[in-house]
Protein chains: 2
Amino acid sequence: MTSQVQLSLFDLKLADDIRQSKYVVGSPRIESDSRESSISEFSESFPSIALKEKHIIYDSSNLCSRLNSSSTLNPEPTNTIITTACGANGTYSEGYTGSLEGPEKLLEIWFCPRDSSIQVPHNNSSMDSNVLGMRSIPLEDIEKMLMLVNCSIIQSHSNDFCDSYILSESSLFVYPNKLIIKTCGTTTLLLALQRILDLASEYCSYLSPFKIFYSRKSFMFPELQQIPHNSWDNEVSHLNSFFPTGSAYTIGNLNSDYWHLFIASLDPTSFQVSPKIPSKTITPPNKGDTTIEILMTGLDPKCMELFYCSEDPRSVEGLEGGKFVENSSGISSIYSKAKVFSYLFSPCGLSSNGHVDDSYFTIHVTPESNCSYASFETNVPLSNPNSDDINTLISKVIKIFGPSQFTVTVFYQSDDDDFENTNSSPIHKQPSFTTKKRIDNFTSTDRIHYELDDYHLHYSHFVKS
Amino acid sequence: MTSQVQLSLFDLKLADDIRQSKYVVGSPRIESDSRESSISEFSESFPSIALKEKHIIYDSSNLCSRLNSSSTLNPEPTNTIITTACGANGTYSEGYTGSLEGPEKLLEIWFCPRDSSIQVPHNNSSMDSNVLGMRSIPLEDIEKMLMLVNCSIIQSHSNDFCDSYILSESSLFVYPNKLIIKTCGTTTLLLALQRILDLASEYCSYLSPFKIFYSRKSFMFPELQQIPHNSWDNEVSHLNSFFPTGSAYTIGNLNSDYWHLFIASLDPTSFQVSPKIPSKTITPPNKGDTTIEILMTGLDPKCMELFYCSEDPRSVEGLEGGKFVENSSGISSIYSKAKVFSYLFSPCGLSSNGHVDDSYFTIHVTPESNCSYASFETNVPLSNPNSDDINTLISKVIKIFGPSQFTVTVFYQSDDDDFENTNSSPIHKQPSFTTKKRIDNFTSTDRIHYELDDYHLHYSHFVKS
């Protein structure tokens, strides 16, 4: 009932990011090639089957068995291409207006065992077949869930630790005990929240959500977003209907770039999707978790030339073109030991998913000059927690894209043991997570520190000096 | 033109603090006594004159001459009572609904000489007759300005450093080079912004604004506010029309208590109310400025009994009752050396203005249980910048009011000399401004640090453990 009342308010609320709008009326950049048709063309070389729900073209040789809950996991990494004739909503579909909303909606949900006698692998550590967790959700169900988001799977990769997907709009990572989904354009990510919780309940009955993060940068074209993403108020109302004890923040300068965050920490005893198994004391498996995002706008057109399909035969849509751009842009050298999968879209745009041991990184690039945007996200630990580490990483990433402005968010857990007896903030002890005031030729206009429950957030916004 | 376009949007925006609403429909707490009638009754003992604009009752023996721009300032502190039959809008006037909006709108404007050859006293330091600055604005003009805000003067006090006023809704402090005005209820503070700038231009032609702070806590009854205060978006639009380079922030948990801030730093060469005197390089006089606010809600009804007029003959409306409450509540012991003026309203409520050398503090109390609120604000320097100082002050203040929740904001300037070459935040070096995680029986739910231009803000919200 509460949820219905809140939803009925949606159409009364106005886009809250209206100041950010960069919508170009009559933009000359409308592209005749749609991502939809390009994907179909690209995927003709792969075997296909038709499902009831939608036309799906994919290599079925091992994917279904790999992800089926009753299967034994194949420990060898596999590359699988899945494309679909639907999806691509709000990006390069027929309705494409020349104004692609690059900034993504990002949802991360951590799960815990309801019964403490059942072990969940610590953080991203190696799994065995008894603890597939979220990875036991059948592919078909993930695809149906993604239909609610209005996007689809383009490519997938699995290793010992997780299943990763390049989507028609951004990326999805599924670990046994957490799910990270990031979708750009006019996707409706939060409309899939109930389905995700239902799937966790149905296929991984021992799992219960205990930590939820939802975040996004201010939109460039907020007026194009669908309910509930047409305003932060509506997104918060939607999230509150699931997690009434959550906290919502708007961080940064409302007259410039800013960033929204919803975070909820749940006691599994008070939130059960289905009460089949009673809750007991649990040990949250997120200790040491760190996530870094670098969100860049106003990208250098010269740097962006690489991110278009071109007459160069190596620069073609798909994984091959993706690998070429990955290597020539410098993406492949961010983490030298990473296993990276990149997809170059037609006419332009790149998505990369990378794996470093049990960690991931993901990059998405929208190169069009009227809405250029690139995002970098990782949970790869800062290898040397010395003072320059985060700043060196930022420097490496921004060199690839040449932004005029960028925002950095760093989430990390801190040891609060002596928090109570001191008046210093834990962030004071974590200089490795703090950005410098100046990085290369950029100056920070906002440096903001939030102490949130057991997490800490360092936010900074940089503009070219 | 820009301003008009923005203003036309006002009625399209909804109250952004709607989640905070504590409006009680059909509240039984409507009081039959209005502040208006009580003030008239109280002020009958003072000589009166009638002005064209409104009926004003006040002691005219020295006030006009003291504040007239051509007068010589009386260095002796004076107490003067001024009351008015208008004002009291949104508090205890006939329209009082039983739901008083205690949380104030706070505007602070710093001025600089346009011509560097003209000296402005540093910070709040002693003035001479050549640098009256904002204090040279005639009282009549201040009263007219306050009519735009929908409030009026109740009491005033002057010393060597400033003129302070207790208003029908909160307080006003006028220093030679800055003006601090804080108004509660449904006052329309920002509608007086143009008039304040005009007065500075007309009477203090050597002054130009160089720093503007506007802030307020989330409203309890946002739907009762008038344009532009009916939403933060509208307030920001209004402020942007004056200060287009300003920054706007919403700080804290949107699902709980939060706080809005607009801050603008102006180069006087780019913002001149009248270009009579050319701008030159200036030295901003705000070095070392610190402002602390403690905003309390859910006050202990037992503590609040003191803040009502009662059958006790000492507890009567006016300065006498104010002094009684000031002493019996503990307000007088916050700063032992302070000179304090307090006014007890009928049927309830207290406003106190205090002076400690060149600094001020101000307290406003709304004791009604359905909307109880108390605010404490000061720029008195933390005398001993050791680790416990801010926490000791907070502890002292909250004991007086017994809140269930409170928010602390600390604005301070920091020495950023080595900011560029380190990656640590300046706040790390200022532990004296950082609140503890726990104070008495309260726990901080949000601790947030903003680095804003040359100011730093420490925000924390506490709830009873």
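Quantities reported herein were computed from a predicted structural model and do not represent experimental measurements.

### Points about the overall build of chain A
Here is step 1 of the chain: When you go through chain A residue by residue, the secondary structure sums to 9 helices and 20 strands.
Here is step 2 of the chain: Taking all 465 residues of chain A together, the buried fraction comes to 63%.
Here is step 3 of the chain: Partitioning the intrachain contacts of chain A with sequence separation of at least 6 by distance along the chain shows that 73% fall at a separation of at least 24.
Here is step 4 of the chain: With the model as given, the accessible surface of chain A reaches about 16400 Å², and the carbon-plus-sulfur share is 51%.

### What about helix α6 (residues 232–242) of chain A?
Here is step 1 of the chain: Across the 11 residues of α6 of chain A, 9 count as buried, placing the element largely inside the fold.
Here is step 2 of the chain: Among the residues making up α6 of chain A, those that are buried are Trp232, Asn234, Glu235, Val236, Ser237, His238, Leu239, Asn240 and Phe242 of chain A.

### As for the packing of aromatic side chains
Here is step 1 of the chain: All told, the structure shown has 31 aromatic pairs over all chains when counted by the stated rule.
Here is step 2 of the chain: Centroid distance Tyr249 of chain A to Tyr450 of chain A: 5.2 Å. Interplanar angle 75 degrees. Geometry classified as edge-to-face. You can see Tyr249 of chain A sitting in strand β10 (residues 247–252) and its partner Tyr450 of chain A sitting in strand β19 (residues 442–452), a full 201 residues away along the chain. The burial state of Tyr249 of chain A is the same as that of Tyr450 of chain A; both residues are buried.
Here is step 3 of the chain: When the ring of Tyr335 of chain B is compared with that of Phe376 of chain B, the centres are 6.4 Å apart and the planes differ by 25 degrees; the resulting orientation is stacked. You can see Tyr335 of chain B sitting in the loop between α8 (319–329) and β13 (339–344) and its partner Phe376 of chain B sitting in strand β16 (residues 373–378), a full 41 residues away along the chain.

### Details of the domain arrangement of chain A
All names here are of chain A.
Here is step 1 of the chain: Assigned domains within chain A: domain 1 (100–115 + 131–269) and domain 2 (287–416 + 431–464).
Here is step 2 of the chain: Placing a centre on the C-alpha atoms of domain 1 and another on those of domain 2 gives a separation of 20 Å.
Here is step 3 of the chain: In this complex, domain 1 contributes 42 residues to the contact, which on the side of domain 2 involves 43 residues.
Here is step 4 of the chain: Between domain 1 and domain 2, a total of about 3400 Å² is buried, with carbon and sulfur atoms accounting for 64% of that surface.
Here is step 5 of the chain: It is Ile166, Ile251 and Trp259 in domain 1 that bury the most area against domain 2; as a group they hold 15% of the surface buried on that side.
Here is step 6 of the chain: The interface formed by domain 1 and domain 2 contains 3 salt bridges.
Here is step 7 of the chain: The salt bridge partner of Glu293 is Lys182, with a shortest N-O separation of 2.9 Å.
Here is step 8 of the chain: Breaking the side of domain 1 that touches domain 2 down by element, the ones donating at least two residues are β4 (105–113), β5 (153–158), β6 (163–167), β7 (170–174), β8 (178–183), β9 (207–217), β10 and β11 (258–265).
Here is step 9 of the chain: Taken together, the residues of the side of domain 1 that touches domain 2 break down into 21 nonpolar, 14 polar and 7 charged.

### Things to note about the packing of helix α4 (residues 139–149) of chain B against helix α5 (residues 193–203) of chain B
All names here are of chain B.
Here is step 1 of the chain: Running from amino to carboxyl end, α4 crosses α5 at an angle of 165 degrees, the nearest separation of the two axes being 10 Å. With respect to their mutual orientation, α4 and α5 come out roughly antiparallel. By crossing handedness, the relation of α4 to α5 is classed as right-handed. On α5, the residues touching Asp141, Lys144, Met145 and Leu148 of α4 are Arg195, Ile196, Leu199 and Tyr203.
Here is step 2 of the chain: The residue inventory of the contact of α4 with α5, partitioned by class, reads 5 nonpolar, no polar and 3 charged.

### Considering the pattern of salt bridges
Residue and element names in this part refer to chain A.
Here is step 1 of the chain: Under the definition given, this model contains 22 salt bridges over all chains.
Here is step 2 of the chain: When the shortest N-O distance is used, the salt bridge between Arg135 and Asp163 registers 2.7 Å. Here the residue Arg135 occupies a position in the loop between β4 and α4 (139–149), and Asp163 occupies one in strand β6, the gap between them amounting to 28 residues. Each member of the pair, Arg135 together with Asp163, is buried.

### Quick word on the side chain of Ser329 of chain A
Residue and element names in this part refer to chain A.
Here is step 1 of the chain: Tracing the backbone through its elements, the reader meets Ser329 in helix α8 (residues 319–329).
Here is step 2 of the chain: Classification of Ser329 by relative accessible area gives buried; the value is 13%.
Here is step 3 of the chain: At 2.7 Å, the side chain of Ser329 and the backbone oxygen of Val325 are in polar contact.
Here is step 4 of the chain: Setting aside residues no more than four positions away along its own chain, Ser329 makes contact with Leu306, Phe307 and Ile400.

### As for the nonpolar core
Here is step 1 of the chain: Judged by nonpolar contacts, the single largest core of 44 residues is most densely connected at Ile251 and Tyr450 of chain A together with Ile251 and Tyr450 of chain B.
Here is step 2 of the chain: Ile251 of chain B has contacts with Tyr450 of chain A together with Tyr258, Trp259, Ile448, Tyr450, Leu457 and Tyr459 of chain B, leaving out every residue within four places of it along the chain.

### Here's the deal with the pairing of strand β16 (residues 373–378) of chain A
One face of the sheet, then the other: side chains in a regular strand alternate in exactly this way.
All names here are of chain A.
Here is step 1 of the chain: For β16, the tally of buried residues reaches 6 of 6 residues, placing the bulk of the element in the interior.
Here is step 2 of the chain: Burial along β16 is two-sided: the residues Tyr373, Ser375 and Glu377 and Ala374, Phe376 and Thr378 are all buried.
Here is step 3 of the chain: Both strand β12 (residues 290–297) and β16 contribute to a ladder of 6 bridges, which runs antiparallel. Bridged to Met296 within β16 is Ala374.
Here is step 4 of the chain: Strand direction decides the pairing type here: strand β15 (residues 359–366) and β16, joined by 6 bridges, are antiparallel. Bridge pairing in β16 links Val365 to Ala374.
Here is step 5 of the chain: Where β15 folds back on β16, the antiparallel hairpin that results is connected by 6 residues.

### Digging into the environment of Thr250 of chain A
All names here are of chain A.
Here is step 1 of the chain: Note on placement: Thr250 falls in strand β10.
Here is step 2 of the chain: Judged by relative accessible area, which is 5%, Thr250 ranks as buried.
Here is step 3 of the chain: In this structure, the C-alpha to C-alpha distance between Thr250 and Lys217, residues 33 residues apart in sequence, is 9.5 Å.
Here is step 4 of the chain: Within polar-contact distance, the side chain of Thr250 engages the side chain of His260 at 3.0 Å.

### Some details on the pairing of strand β11 (residues 258–265) of chain B
Residues and elements named next belong to chain B.
Here is step 1 of the chain: Of all the 8 residues making up β11, 7 are buried; the element is thus mostly covered by neighbouring parts of the structure.
Here is step 2 of the chain: Sheet topology places strand β9 (residues 207–217) next to β11; 7 bridges connect them, and they run antiparallel. Opposite Lys217, over in β11, you have Trp259 as the bridge partner.
Here is step 3 of the chain: Looking at chain direction, strand β10 (residues 247–252) and β11 are connected through 6 bridges and run antiparallel. When the bridges of β11 are listed, Ser247 appears paired with Ile263.
Here is step 4 of the chain: Between the end of β10 and the start of β11, which pair antiparallel, lie 5 residues.

### Notes on the side chain of Asp141 of chain B
Residues and elements named next belong to chain B.
Here is step 1 of the chain: Mapping Asp141 onto the fold places it in helix α4.
Here is step 2 of the chain: Summary of buried charges: Asp141 has no salt-bridge partner, and the nearest side chain of opposite charge, Lys144, is 4.7 Å away.
Here is step 3 of the chain: Not counting residues up to four positions away in its chain, the partners in contact with Asp141 are Leu199 and Tyr203.

### Here's the deal with the state of the cysteines
As used here, a disulfide is simply a covalent bond connecting the sulfur atoms of two cysteines.
Here is step 1 of the chain: Applying the stated criterion to the full structure yields 0 disulfides over all chains.
Here is step 2 of the chain: Take Cys204 of chain A: it sits in no disulfide, and the sulfur closest to it among the cysteines is that of Cys112 of chain A, at 13 Å.
Here is step 3 of the chain: For Cys184 of chain B, which is in no disulfide, the shortest distance to another cysteine sulfur is to Cys151 of chain B and amounts to 8.6 Å.

### Looking at the environment of Lys399 of chain A
Residue and element names in this part refer to chain A.
Here is step 1 of the chain: Its place among the elements puts Lys399 in helix α9 (residues 389–401).
Here is step 2 of the chain: As for Lys399 and Cys303, which are separated by 96 residues in sequence, their C-alpha atoms are 9.0 Å apart.
Here is step 3 of the chain: Of note is the side chain of Lys399, whose polar atom sits 3.3 Å from the side chain of Asp440.

What counts and how
- Residues numbered from 1 in each chain as written.
- Chains lettered and ligands numbered in written order.
- Predicted model: local features only at pLDDT ≥ 70, side-chain atom pairs only at ≥ 80, totals over all residues.
- Heavy atoms only, no water.
- Helix = DSSP H or I, 4+ residues; strand = E, 2+ residues; numbered from the N terminus.
- Buried < 20%, exposed > 50% of the residue type's maximum accessible area, 1.4 Å probe, protein only.
- Contact = heavy atoms within 4.5 Å.
- Areas by Shrake-Rupley, 256 points an atom, 1.4 Å probe, with all protein chains shown as cover.
- Phe/Tyr/Trp six-rings, centres within 6.5 Å; stacked < 30°, edge-to-face > 60°.
- Domains from an automatic or database assignment.
- Buried area = accessible area lost by both parts, 1.4 Å probe.
- Salt bridge = Lys/Arg side-chain N within 4 Å of Asp/Glu carboxyl O.
- Nonpolar A, V, L, I, M, F, W, Y, C, P; charged D, E, K, R; others polar.
- Axes fitted to C-alpha atoms, helices over the stretch in contact; angles between N-to-C directions.
- Parallel < 35°, antiparallel > 145°, perpendicular 65-115°, else oblique.
- Left-handed = near helix turned anticlockwise from the far one by under 90°.
- Polar contact = N/O pair within 3.5 Å; in protein donor to acceptor, adjacent residues only side chain to side chain.
- Core = buried A, V, L, I, M, F, W, Y, C linked by side-chain atoms within 4.5 Å.
- Pairing = 2+ DSSP bridges.
- Lys, Arg positive; Asp, Glu negative; His and termini not counted.
- Disulfide = S-S within 2.5 Å.

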